[in-house]
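# Summary of the model geometry
In case you want the letters, here they are:
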Protein chains: 4
Amino acid sequence: MTIDVAVAGASGYAGGELLRLLLSHPDVRIGALTAGGNAGSLLGEHHPHLVPLADRSLEETRADVLAGHDVVFLALPHGHSAELAGSLGESTVVIDMGADHRLTDPDAWQRWYGGTHPGTWPYGLPELPLAGDTRQRDRLRHAGQVAVPGCYPTGGSLALAPALRAGLVERHVTVTSVTGTSGAGKSLKPHLLGSEVMGSTSAYGVGGAHRHTPEFVQNLGAAAGDTVGVSFTPVLAPMPRGILTTATAPLRGEVDAATARSVYEDTYKNEPFVRLLPEGSWPATAATLGSNHVHLQVTVDPDARVLVVIGAIDNLTKGTAGGAVQCMNLALGLEETVGLPVAGVAP
Amino acid sequence: MTIDVAVAGASGYAGGELLRLLLSHPDVRIGALTAGGNAGSLLGEHHPHLVPLADRSLEETRADVLAGHDVVFLALPHGHSAELAGSLGESTVVIDMGADHRLTDPDAWQRWYGGTHPGTWPYGLPELPLAGDTRQRDRLRHAGQVAVPGCYPTGGSLALAPALRAGLVERHVTVTSVTGTSGAGKSLKPHLLGSEVMGSTSAYGVGGAHRHTPEFVQNLGAAAGDTVGVSFTPVLAPMPRGILTTATAPLRGEVDAATARSVYEDTYKNEPFVRLLPEGSWPATAATLGSNHVHLQVTVDPDARVLVVIGAIDNLTKGTAGGAVQCMNLALGLEETVGLPVAGVAP
Amino acid sequence: MTIDVAVAGASGYAGGELLRLLLSHPDVRIGALTAGGNAGSLLGEHHPHLVPLADRSLEETRADVLAGHDVVFLALPHGHSAELAGSLGESTVVIDMGADHRLTDPDAWQRWYGGTHPGTWPYGLPELPLAGDTRQRDRLRHAGQVAVPGCYPTGGSLALAPALRAGLVERHVTVTSVTGTSGAGKSLKPHLLGSEVMGSTSAYGVGGAHRHTPEFVQNLGAAAGDTVGVSFTPVLAPMPRGILTTATAPLRGEVDAATARSVYEDTYKNEPFVRLLPEGSWPATAATLGSNHVHLQVTVDPDARVLVVIGAIDNLTKGTAGGAVQCMNLALGLEETVGLPVAGVAP
Amino acid sequence: MTIDVAVAGASGYAGGELLRLLLSHPDVRIGALTAGGNAGSLLGEHHPHLVPLADRSLEETRADVLAGHDVVFLALPHGHSAELAGSLGESTVVIDMGADHRLTDPDAWQRWYGGTHPGTWPYGLPELPLAGDTRQRDRLRHAGQVAVPGCYPTGGSLALAPALRAGLVERHVTVTSVTGTSGAGKSLKPHLLGSEVMGSTSAYGVGGAHRHTPEFVQNLGAAAGDTVGVSFTPVLAPMPRGILTTATAPLRGEVDAATARSVYEDTYKNEPFVRLLPEGSWPATAATLGSNHVHLQVTVDPDARVLVVIGAIDNLTKGTAGGAVQCMNLALGLEETVGLPVAGVAP
């Protein structure tokens, strides 16, 4: 079986990571590569690390260029996916790595992104445990369209969902996520210059202002079966990749560390891409670099009476492109893990 | 006026930063420099950046070497300060940059450090607002002995104390502090190697296990005038210096961002080393590098109903050696700011 | 075909990278993993990124543990390979990633490492062009024992050998190689601490003092067919991986950039792991991260009358473990490229 | 004595570092601050680390704004200084941190920068030893206009000039300089993004293409008293600041390390900002961070028969703004060292 794949937005970081993974996927043939302003240039100018594709030309992101492939990945700024997807025909599986189809609530879309809600697609976080003992995976098998989660909600939702679903904690949580710079893409902004970033850590989008907040609310609410209040603060650290999430929530009644751990073990014991670390080990983002794994550890603070969960992912792999390939595998009925790296690149 | 100063523990990072600052202090003459295992070597072997002192020899850390100075700074592992301080005589001001004399509660000492409580000295965080409209500064003027705060509680306490004192928030708070590696000192541990640290962010001391936790509890309790629960998580980021603190607490009643800001403005408007950033700007650790400033910003998250405060310091300057010099100035009746850098080194 | 492979020295950086690559090799079954001081611990304690092997125990590095595998990789400090290799039997292919069997000249061994010369094995740099229009590859096919090159000579030799073989330059060359910290291994030395490394670049082994110098002399002499003088300076930069080599040599007669380029194109046009970048592009180490590629660019400086070649590799992949797997493939008669990554992990 | 100082180009990195130093200069009053596109904004938006000046407004870079100050520093792109300087009047000392007035040869200007030669000003590298036993310093005392050197030639020229002047080496030299990113300023180019820079080292301007090359040729020729061929390669490393120069030159006759060292000792023994490190120590850029020092070490490679010199500076301090203040001090007849930092900020 050979799957013909096109990638729209191939010159950005998400597109580049996707192509890196697709190069190792045994069933994929890489077809059209498109871009916006970079159309007409060679892929190697943007991604010199992708040697086997370096001489490929970038075409314009248009429906007629993307049509005719088995799968089209969209790595576009928000607002561009709906129209393009509508022109591709039903036989094409569309995996949207942008934000357009993640939110189920039209009012939330209006508030956070503005304009008309482009509609909701199955949310591509297969491991997410849902209230009532199901998984999000069930909605992704043979899906024709998938909305890949944002990078922050990927790791953060998996960190807190088990405790919320099991009722271990109150339904108001605090999430601080330290991210590498590639999450901001290649946008030419002064605060993203190497001179500004190296040696510095800074916060942004503070006070619930980051657009991934409603995605956290949606995911954690689905796990808890009820409304969850989420205080989310993103922090920018001097590294290209990786997200380390510190998630806390007040304990509901008496919960000790062993109980908490057993809930997480039960929840994720069959998940190929979620690793609950051995007791006493804490996640580091470097161990997930280039891998599709989430590393987790959980404990309780008996003095402050809170649950604390630490999660690490690579924002470009599991947080974006790896998650997207995993969803493609599910949508096509392939083995979920095929072509996806299970070892990180460290040190 | 010339102040003769000795430094015990001069070969470590805290000692090195202290000497960098003392070199610029107009009233200080740098006397004996001592070390443990590094006694007998030249200071320049450990601190090649301190050119004017590079040829100075390190003596052994003994009371007879340190005696006879106007001020002795102790930058020693915990447990070594009490006996040494007792041998120095009452005419010597002793500034302890270690943990020995910070905690007021002997049981807390026993629990977190073990052994007999070495006693409590005035806590060297002059800006800390206390319940009842006083400042910690009042206890430091002309003090003969000062316990310099830990690096995490320095920035974190100043971030939350105004809101707790003013009753804006509930008395259970969440603090996630991202630190550079120099906070761990020069200890030769595998996880502190450059290869492990660069490109990686990791958590440690999770679940209330870090020894700075009781210091947070003590400081914030003094600000609130009542017991405060503190969930504290330290995170290690790939930079040599800097601490970025994200502090959240549930709002008590209706509090908007403007109200919160005005409380912080009022609290710190006369503080020479606390800068509340202009609205819309968020702290970055690089702006405080090598400076004695704390940079703060505050807002509220109206959806999650929490106060969020971000604070940035240089862990070695304001967080250790700068705070120590500031305390020396107060103890000697000098202008509090003399010799202390007010501009950071950036980019 | 399944190849049973053992790795001695599995807890170090070279061993870890080797295992990462072997996990993706379709023909390999990973057998015994051994260590020195870390014997008895789990691999995951040292390499949390190698999730599929995290629960494997490290055995002691002994011949009886390693015996019986088709291939044994030795990632040991120098001086330990010869005896061990001698006990493994002739049916086992031994790939030595250490220095023991690289040098052909017993006097050079005596001078640079001391003690008795452990003997010379075929030198594992397949792409090295030799005087007389052969390649080093010819000596590696079906070899029973291979000495993997040092990380610096891997990239540096390929950068200069074509020009020396073609007589474009004089036979005295200058090489400055900027390396990431993982080349120094996990040794607990103060100057390798993250606090010391980040934000700093430093030189070491200056004046021809680095042990890789005789390897450069040997390789470049083999390419030139005559003695070559090599001034080699290693420089430590704040990154975990990567070597960027700047190599210069005085032009012999009139040579322009186009002529130089055509020599390099001809030399490497069929090499699967050497990429001569498009004109105007210069190598960056990030593009080779985790990949087995060497990226090269060449030009001439018409004013200074020198050839300048820039080369980039990942010191742990092509510079150590990837080179080792490539040699294993040749030794076993497999396709040379099988199991080796051709795309880097960037950004 | 109070010196009124204006800074044109205050929002860039060179301007920011200059202001950091001027804040500590005891004789300086900081007057007009101007900018190009950033005129009208507050300095604190661009340099949040300069707290005492954060609320100062940036005016337009015009002669009438700058006129009337005792000293005007120009931190402008090349081509903008000559006209502006001509309008300031003879009573104003002008210190140009740009390239306009460095080169003495109009043809070199035409070749490297294009257009009409703006004229030559005294070259602001006081320590440069010149053929005939003079120093460049002699030309800077009471100068009305000074051309501050480029950052690369600052450290690189001081590294090689003593050996060339003393005839220890042949007059063709090789210089590889590894720089931090701030040397490129705040220009918004993709390859300067943090995501691209961190974890990567790359070369640029290879083959004698960098504009600092003719400055090396000019300086080293002045030291040697004859034409010197210079092969210069700049390399970009993942750090905000610092330049580490590796300079090599073929030995002329028999020269041992001790002889070379004594030449450097003699040359720099009275220089307040040049430190020849103790034997066996090699420069690291971190030790010069924020300091006006050059750290040097010299040796010979007896096998390759070359002299090797390693030099470290902070490109923004000694390499730009510190050098500029040093020149101001000389021009005004002040003590040369006043207001300049002699200790670095490390780790």
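Worth saying up front: this structure is predicted, and the values here are computed from it rather than measured.

Bringing the overall build of chain A into the picture now. Looking only at helices and strands, chain A features 10 helices and 15 strands. Taken over the C-alpha trace, chain A has a radius of gyration of 19 Å; the compact-globule value for 347 residues is 20 Å, and the two agree within 12%. When the backbone C-alpha atoms are referred to their principal axes, chain A occupies close to 60 × 45 × 40 Å. Taking all 347 residues of chain A together, the buried fraction comes to 66%. A separation of at least 24 residues holds for 70% of the contacts in chain A among residues at least 6 apart in sequence. Accessible surface for chain A amounts to roughly 11000 Å². Of this, 48% is attributable to carbon and sulfur atoms. Charged side chains in chain A number 22 positive and 33 negative. The centres of these two groups are separated by 2 Å.

Inspection of the entire model under this criterion finds 2 cavities of 30 Å³ or more. Taken together, 41 residues form the lining of the largest cavity, with A:Met198, A:Pro238, B:Pro238, C:Pro238 and D:Pro238 sitting closest to its centre. Residues that form the lining of the largest cavity fall into these classes: 32 nonpolar, 5 polar and 4 charged. Considering only enclosed or pocket space, the second largest cavity measures out at about 40 Å³ in volume. Together, C:Gly124, C:Leu125, C:Val148, C:Pro149, C:Thr154, C:Lys318, C:Gly319, C:Thr320 and C:Gly323 line the second largest cavity.

Let's shift gears to the UniProt feature "domain: Semialdehyde dehydrogenase NAD-binding" (unreviewed entry) in chain A. Sequence positions flagged by UniProt for "domain: Semialdehyde dehydrogenase NAD-binding" (unreviewed entry) are, in local numbering, residues 4–133 of chain A. For residues 4–133 of chain A, helix accounts for 25% and strand for 19%, while the C-alpha atoms at its two ends are 35 Å apart.

So, about the sheet that holds strand S4 (residues 71–74) of chain A. Residues and elements named next belong to chain A. Read from one edge to the other, the open sheet built from 6 strands follows the order S3-S2-S1-S4-S5-S8, with strand pairing classed as parallel. Since the sheet does not close on itself, it has two edges, and those belong to strand S3 (59–60) and strand S8 (145–147), each with one partner. Examined bridge by bridge, strand S5 (residues 93–96) and S8 share 3 bridges and lie parallel to one another. Directly across from Val94, in S8, lies its bridge partner Gln145.

What counts, and where the lines are drawn
Residues numbered from 1 in each chain as written. Chains lettered and ligands numbered in written order. Predicted model: local features only at pLDDT ≥ 70, side-chain atom pairs only at ≥ 80, totals over all residues. Heavy atoms only, no water. Helix = DSSP H or I, 4+ residues; strand = E, 2+ residues; numbered from the N terminus. Rg over C-alpha atoms; globule rule 2.2 N^0.38 Å. Buried < 20%, exposed > 50% of the residue type's maximum accessible area, 1.4 Å probe, protein only. Contact = heavy atoms within 4.5 Å. Areas by Shrake-Rupley, 256 points an atom, 1.4 Å probe, with all protein chains shown as cover. Lys, Arg positive; Asp, Glu negative; His and termini not counted. Charge placed at Lys NZ, Arg CZ, Asp CG, Glu CD. 1 Å grid on protein atoms, 1.4 Å probe; cavity = no way out; pocket = protein on both sides within 12 Å on 5 of 7 lines; lining within 4 Å. Points joined across faces, edges and corners; volume = space filled by probe spheres on them. Nonpolar A, V, L, I, M, F, W, Y, C, P; charged D, E, K, R; others polar. UniProt positions renumbered as here; feature names shortened; annotations may be inferred. Pairing = 2+ DSSP bridges.

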